[in-house]
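Okay, here's what each chain looks like letter by letter:
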Amino acid sequence: MTNSNAIKRPFIIAGPCSAETEEQVMETAMRLKAGGQVDLLRAGIWKPRTRPNSFEGVGEIGLPWLIRAGKQTNLPVITEVANAKHVEATLKAGFTHLWIGARTTVNPFAVQEIADSLRGTGTKIWVKNPINPDLNLWIGGIERLKNVGLTDVNAIHRGFSSVQHKTYRNDPMWEIPLALKTEFPSIQLICDPSHITGKRDLLQPVAQKAMDLIYDGLMIESHIDPDQAWSDAAQQVTPERFTELISSLILRSEQANESTINEDLKSLRLSIDEIDEEITALIAQRMKVAEEIGAYKKEHQITILQPKRWEVIKKKQLEYGQEKGLSIKFLVKYLEALHQESIRHQTAVMNK
Ligand code: PEP
Ligand code: MN
């Protein structure tokens, strides 16, 4: 996963969830700058909130605060836009970097309106994943921006709304951003552990995981007095704690030099290759049996799909797999894939 938009890795975006006062924006910026770990200064000016009567951002008056903080610290600045009016105001104020929030990426009309108002500007834009786990909606948003001629279009992974997730505010579903990177190999993929976790104590392991998945950078919310923040208080950290967090990250390299890979690792990799081969061979063998079953079903005029039988298999394997330490999420996906492939083989026999 190499990046064509040559950037420093990790590329770090930091700043408060929301701009609250000019002093708060300026002090955050100065203290972040002092830590030497930030590349792009963020603050939300318009806050799309789930319910009205929450703090919805200071609005346009905050734009020059961020511009001044950027000048003072010699850092580029970025804010969120959700419609053409926001784009117009930010461009007028001098912004060259913008992001589109998760609640906007879900709406193709809004993204198209933003794209149209950015045509010909050369703005650098980051698209957050939509709040629902729909890879195509995310891809579509990026395409709309590329289609108007923007060349620096990048992505921010902030997790997906979920009623189920017990630990995090948003379910990371890492497979989705990784699939996005496969679709757009040269895109800069940034992880936003603040909105994924919703809790400051969980930021570090998620940031480290992103580094180990070869993300290009991080977006982390930082506030001079996190507990008093007007939005997202529980997930913000002081600029000093932010600096410590970034300094604590271990940056492992993607390519190990063959000669330095030790014998233990080589032999472990060999075992993995052998096991993978056995798994594939066993699955192929399972499909051969499925084909025999398909022939039997054809002869006796019974349906391919046998829901009750499938429920029994699934229950048994879910229990067994979990006993063996496999996650239920993995088992469900794996068993569904196995079942679909099996149906495909049986259908081929049936239609012969
Ligand atoms: C934010 O970055 O403060 C924000 C509103 O994020 P998201 O769109 O990811 O919820
Ligand atoms: Mn926030």
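Residues numbered from 1 in each chain as written. Chains lettered and ligands numbered in written order. Predicted model: local features only at pLDDT ≥ 70, side-chain atom pairs only at ≥ 80, totals over all residues. Heavy atoms only, no water.

Quick notes on the sheet that holds strand β4 (residues 97-100)
Spatial strand order, β1-β2-β3-β4-β5-β6-β7-β8: 8 strands in a closed barrel with parallel pairing. Put simply, the sheet's adjacent strands are angled 30° from each other on average, direction ignored. Pairing geometry for strand β1 (residues 11-15) and strand β8 (residues 217-221), over 5 bridges, is parallel. Directly across from Ala14, in β8, lies its bridge partner Ile220. Running at roughly 160° to strand β3 (residues 77-81), helix α2 (residues 63-73) makes contact with β2 (40-42) and β3 of the sheet. (Pairing = 2+ DSSP bridges. Helix = DSSP H or I, 4+ residues; strand = E, 2+ residues; numbered from the N terminus. Axes fitted to C-alpha atoms, helices over the stretch in contact; angles between N-to-C directions. Contact = heavy atoms within 4.5 Å.)

Observations regarding the environment of Gly141
Looking at the element boundaries, Gly141 is found in helix α6 (residues 135-147). A relative accessible area of 3% places Gly141 in the buried class. (Buried < 20%, exposed > 50% of the residue type's maximum accessible area, 1.4 Å probe, protein only.)

So, α6
If you check α6, its first and last C-alpha atoms are 18 Å apart, about what 13 residues at 1.5 Å a residue would give, namely 18 Å. For α6, every residue scored as buried is listed here: Leu137, Trp138, Ile139, Gly140, Gly141, Ile142 and Leu145. Where α6 begins, one side-chain oxygen reaches toward the backbone nitrogen of Asn136, 3.0 Å away; that side chain belongs to Asp134. Just past α6, the residue Gly149 takes up positive phi, approximately 100°. (Expected span 1.5 Å × (residues − 1). Polar contact = N/O pair within 3.5 Å; in protein donor to acceptor, adjacent residues only side chain to side chain.)

As for the pairing of β3
In terms of burial, β3 is largely enclosed, as 5 of its 5 residues are buried. In this structure, β2 lies alongside β3, joined through 2 bridges in parallel fashion. By the bridge assignment, Leu41 is partnered in β3 with Val77. You can see the chain leave β2, run along α2 and come back into β3, and the turn it takes is right-handed. Two strands pair when backbone bridges link them, and β3 and β4 are joined in this way by 4 bridges, in the parallel orientation. Note that in β4 the partner of Val81 across the bridge is Ile100. (Right-handed = clockwise from strand over helix to strand, strands pointing away.)

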